[in-house]
Amino acid sequence: MEADTQAQVAFFLTGRRPDEFLDPVAGLQLRPALFAGYEDLTPLRYDFPLVLDGKACGPTQVEALSSIFDHALAKAAQGADAERVRKHGLRIEREIRALCAEGVAGTLSALWERGAARLATQGDETFADSNKRLRAAVKCDGQLADCDAQLPRRLMRHVWDAAQQSKSAHFRTRLQRLVLKLSGILQADVERSARGVTAERLKATVGSGFASAFDFDAMSTVLLKSQPHDTMPAARRRRINELLRVLKSQRFFADESAKDPAVKGYSFVFDSCATALKAWRERLPRLVELARSIVVAELEIDGQYDAQRHDALFEAYGAAGLDASEMGQFPDYLVCIDDAHLDAQENVRLMEILSSGLPIKVLLQVDDLTAGSASDLAGQAPGWHSRQLASMAMGLNEVYVLQSSASNLYQFRERVLAGLTFRGPALFSVYSGASANAAVPPYLMAAAAMESRAFPAFTYDPSAGADWAARFSLQANSQVDLDWPVKPFAYEDEQHQSVSQDLAFTVVDFLAADQRYADHFARVPREKWNGSLIAVDESLQAQRKGIPDKVPSVMMVDAQNRLQKVVVAQSLIRQANRCRDMWHSLQELGGIHNSHAEKLLAREQKAWQERMREESAAAAPVSAPAAAQAVAAPAPAAAAPAAATVEAPEEPQRNPDEPYIETERCSSCNECTLLNDKMFSYNENQQAYIKDVTAGTYAQLVEAAENCQVAVIHPGKPKNANEPGVAELLKRAEVFA
């Protein structure tokens, strides 16, 4: 083994760097190679910043800046000068995005005005017209929110406010109706009583214009004699007055403008689970009282309340708690906490909330997936604690669970709203990407965590159905069927030739962007690059025994976007293995590469193959010796001459490494042709065959075999032994051999 390779292997095994062969990465400002095109995000059109609008942005009241400009351009950029308006609009959008990146806060209209003022000084006389037309086409306005450390709380609070406003409006309408109807019942009773026909009251009803025309004392005497004597029972009057007291003094949907602290509304947003639980317990008697009063009020208004039957029943109302439908009419609680502040006591309170079925929504914000000292960093997989909480919450079966990076929250906005309106507890675990130890923007760090499987996105919605297939979704992640997403990467080599290759983005690439991991990487000088350096995903697939002859490495770029290769310490490969195992567990929950399903499929495949062999043996032609005996035997005189028996030609032996389709058994289900119509095609009988095996990947061959309804596709062996995930693909293909 050469000295260069020995040094690389030594670093991989021990983490100790020989200075004469490997360079430190600290201070080199290295970034994962796939980050090369994202040094400055402001020229890019992506989901951020967001506009948090209270009116014109749909149920979630959230819209992306790029989406707002798309709609504005569709309306304003028309006619002969459409291209000019479009270019000006995109420049305004870029200026607004740049202002947000600089930390400027404000509304869309404020930053639009400021960005347009910058551009107006550039001497383009037509810009003012474009700006005026575009501004007129935008009907929404609101605070701008970039992808930063504040985004998860701001977005969650904004969507929560929207959901609670809708609930409040419905409750207030119902409450006003109840108060009006109950007050009407009391008023009607007064009108029928002696108090309703006094001379003073009668005079007040007529008015001063005709006061001298009537003898109100005489009229009162006459009416009093004709009044019915069956007025409202005192017990009912007391009951209705008590209902009105409770309904008017309730503080769950109180008037926010009220100055009296006794009637001022409760706050439902908290910064710890302990304070939220304390508030819930203190308010529970009043909540039960209000819920009971609403039900009794409805019965009173309908004239169906029977004291003998209902008094005892409502005396015990709420003793066993309220069900989800009863609690669902009241405000939900929102708790926003940081993972860094989740100590043992707070962790207990969190699990108490989630397991109790209370309508409390918890945002658990994670700013650092790898918190700890440098010596501890390689001990456990990134995001282990927050993912453990999410897994425990899903295990409770009645908790809405959402995990996502902040970069994906806009795409998840409808799911966020679904969780905030879910009747029961909800846990939102969000990674902000705002780590002080990363030299890249929070958006990029958050997106990298999701892509690298360090913090995958998923949702678990108990209200979506009765089984995991309906409740659990993993589809927001890219290339969800692979261990690691594979991305194209192009660069220019030393001879100024364009080179392109596919790179798997692993959790090691994500960790390489964290400066605390610098000691777990070592840069290989360009002149020492050799065949012993392999990609991390390839290293993870290898079954290593003894001293390795290949060393895992990642491709990175420096501040000048020059390509570098760094070797990786074994401690990070262990982390990658743990991360991949956790991803496999999520895949199984999502029905991807489910081990139970694959075992069942293999068993059914084997049983089917055995049946086919038995049927072939039963239908086999008569053997050659038997045919010869039949020809030699004398035929009866009246019988026709026997036809000669011809032995069927033997089918040519297939190469087991070559893929093929049993075309004659194809059911024309379209599964393979929809997957890749250049690799698979139909013959004149509308039955599939492999048209061009090089027109697709081995992964597509295996997927087609798994999707085939009659199991007639046999993937064989891969043409490209370096295809990402080839070891796993070969294992999946074994059942179709």
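Rules used throughout
Residues numbered from 1 in each chain as written. Predicted model: local features only at pLDDT ≥ 70, side-chain atom pairs only at ≥ 80, totals over all residues. Heavy atoms only, no water. Helix = DSSP H or I, 4+ residues; strand = E, 2+ residues; numbered from the N terminus. Buried < 20%, exposed > 50% of the residue type's maximum accessible area, 1.4 Å probe, protein only. Contact = heavy atoms within 4.5 Å. Pairing = 2+ DSSP bridges. 1 Å grid on protein atoms, 1.4 Å probe; cavity = no way out; pocket = protein on both sides within 12 Å on 5 of 7 lines; lining within 4 Å. Points joined across faces, edges and corners; volume = space filled by probe spheres on them. Nonpolar A, V, L, I, M, F, W, Y, C, P; charged D, E, K, R; others polar. Phe/Tyr/Trp six-rings, centres within 6.5 Å; stacked < 30°, edge-to-face > 60°. Lys NZ or Arg CZ within 6 Å of the ring centre and 35° of its normal. Axes fitted to C-alpha atoms, helices over the stretch in contact; angles between N-to-C directions. Expected span 1.5 Å × (residues − 1). Arc of directions from axis to C-beta. Parallel < 35°, antiparallel > 145°, perpendicular 65-115°, else oblique. Left-handed = near helix turned anticlockwise from the far one by under 90°. pLDDT = per-residue confidence, 0-100. Salt bridge = Lys/Arg side-chain N within 4 Å of Asp/Glu carboxyl O.

Observations concerning the overall build of the chain
A count of helices and strands for the chain gives 25 helices and 21 strands. Counting the 737 residues in the chain, one finds 47% classified as buried. Relative to all contacts within the chain whose residues are 6 or more apart in sequence, the contacts with residues 24 or more apart total 71%.

Comments concerning the pairing of strand β16 (residues 551-557)
Burial runs high along β16: seven of the seven residues are buried. Of the pairings in the sheet, the one linking strand β1 (residues 31-32) to β16 comprises two bridges and is antiparallel in character. The residue bridging R31 from the neighbouring strand is V557, located in β16. By the bridge criterion, three bridges tie strand β15 (residues 533-535) to β16 in an arrangement that is parallel. Across the sheet, residue L533 finds its bridge partner in β16, namely V551.

A short note on empty space enclosed by the protein
Within this structure, the stated rule accounts for four cavities of 30 Å³ or more. Size it by volume and the largest cavity reaches roughly 120 Å³. Together, 16 residues line the largest cavity, and L482, D483, W484, P724 and G725 are the ones closest to its centre. Listing elements by their share of the lining of the largest cavity, those giving two or more residues are α19 (536-541) and α25 (726-733). Lining the second largest cavity we find 15 residues, and of these C666, C669, C672, C708 and I713 sit closest to its centre. Here the residues of the lining of the second largest cavity sort into eleven nonpolar, three polar and one charged.

Focus on the packing of aromatic side chains
Inspection of the entire model under this criterion finds 24 aromatic pairs. When the ring centre of F268 is taken as reference, the NZ or CZ atom of R283 above it lies at 5.2 Å.

Description of the sheet that holds strand β9 (residues 426-431)
The sheet built from seven strands is open, its strands ordered β5-β6-β7-β9-β8-β10-β11 with mixed pairing. Here the strands that pair on one side only, and so sit at the sheet edges, are β5 (269-270) and β11 (472-473). The sheet contact formed by strand β8 (residues 400-405) and strand β10 (residues 458-460) spans three bridges and is antiparallel. Within the sheet, the bridge partner assigned to L402 lies in β10 and is T459. Against the sheet, helix α10 (residues 273-301) touches β5 and β6 (333-338), its axis set at about 160 degrees to β6. Across the sheet, helix α13 (residues 344-356) is in contact with β6, β7 (360-366) and β9; its angle to β7 comes to roughly 140 degrees.

Considering the side chain of R31
For R31, the location among the structural elements is in strand β1. Not counting residues up to four positions away in its chain, the partners in contact with R31 are A36, E39, V440, M556, V557, D558, A559 and N561.

So, helix α9 (residues 234-249)
With 16 residues, α9 should cover 22 Å at 1.5 Å per step; its first-to-last C-alpha distance of 22 Å lies within 8% of that length. For α9, the complete set of buried residues consists of R239, I240, L243, L244, V246 and L247. Buried residues of α9 fall within an arc of 165 degrees about the axis and therefore sit on the same side. Counted as exposed and oriented over 90 degrees from the buried face of α9: R238 and K248.

Remarks on the side chain of E95
Along the polypeptide, E95 turns up in helix α3 (residues 82-101). Among residues more than four places away in sequence, those in contact with E95 are G115, R118 and L119.

Some points on the pairing of β8
By the criterion of burial, β8 is predominantly enclosed, with six of the six residues buried. The alternating pattern of β8 places Y400, L402 and S404 on one face and V401, Q403 and S405 on the opposite face, and all of these are buried. Looking at chain direction, β8 and β9 are connected through six bridges and run parallel. Bridged to Q403 within β9 is S429.

Considering the packing of helix α2 (residues 65-76) against α3
Their axes nearest at 10 Å, the elements α2 and α3 cross at an angle of 160 degrees. In this view, α2 runs roughly antiparallel relative to α3, as classed from their interaxial angle. Crossing hand, α2 versus α3: right-handed. Facing α2, whose interface residues are L65, S66, F69, L73 and A76, α3 presents V85, R86, G89, L90, I92, E93, I96 and R97.

Describing the environment of D23
By secondary structure assignment, the location of D23 is in the loop between α1 (3-14) and β1. Separated by 500 residues in the primary sequence, D23 and R523 place their C-alpha atoms 4.9 Å from one another. The residues contacting D23, other than those within four sequence positions of it, are R17, A522, R523 and P525.

Digging into the confidence of the model for the chain
On average, residues of the chain carry a pLDDT of 86, and 86% of them reach 70 or more. Of the regions scoring below 50 in pLDDT, residues 622-649 engages in three contacts with residues more than four places distant in sequence or in other chains.

Points about α3
Because each turn of an α-helix spans 3.6 residues, side chains separated by three or four positions in sequence point in the same direction. An ideal rise of 1.5 Å per residue puts 28 Å on 20 residues; α3 measures up with 29 Å between its terminal C-alpha atoms. Along α3, the residues classified as buried are A82, V85, H88, G89, I92, E93, E95, I96, R97, A98, L99 and C100. Against α2, α4 (108-120), α5 (127-137) and β4 (143-145) lie the buried residues of α3. Downstream of α3 by a residue or two, G103 has a phi angle that is positive, lying close to 95 degrees.

Focus on the pattern of salt bridges
According to the stated counting rule, one finds 34 salt bridges in the structure shown. With a closest N to O distance of 3.1 Å, R118 and E95 form a salt bridge. With R118 in helix α4 and E95 in helix α3, this pair connects stretches of sequence that are 23 residues apart. A relative accessible area of 33% places R118 in the partly exposed class. Accessibility expressed as a relative area gives 17% for E95, which makes it buried. A salt bridge links R177 to E298, with the nearest nitrogen and oxygen atoms 2.6 Å apart. Note that R177 is positioned in helix α6 (residues 151-192) and E298 in helix α10, a separation of 121 residues in sequence. With a relative accessible area of 19%, E298 lands in the buried category. Connected through salt bridges with shared partners, the residues R45, D70, E93 and R97 form a single ionic network.

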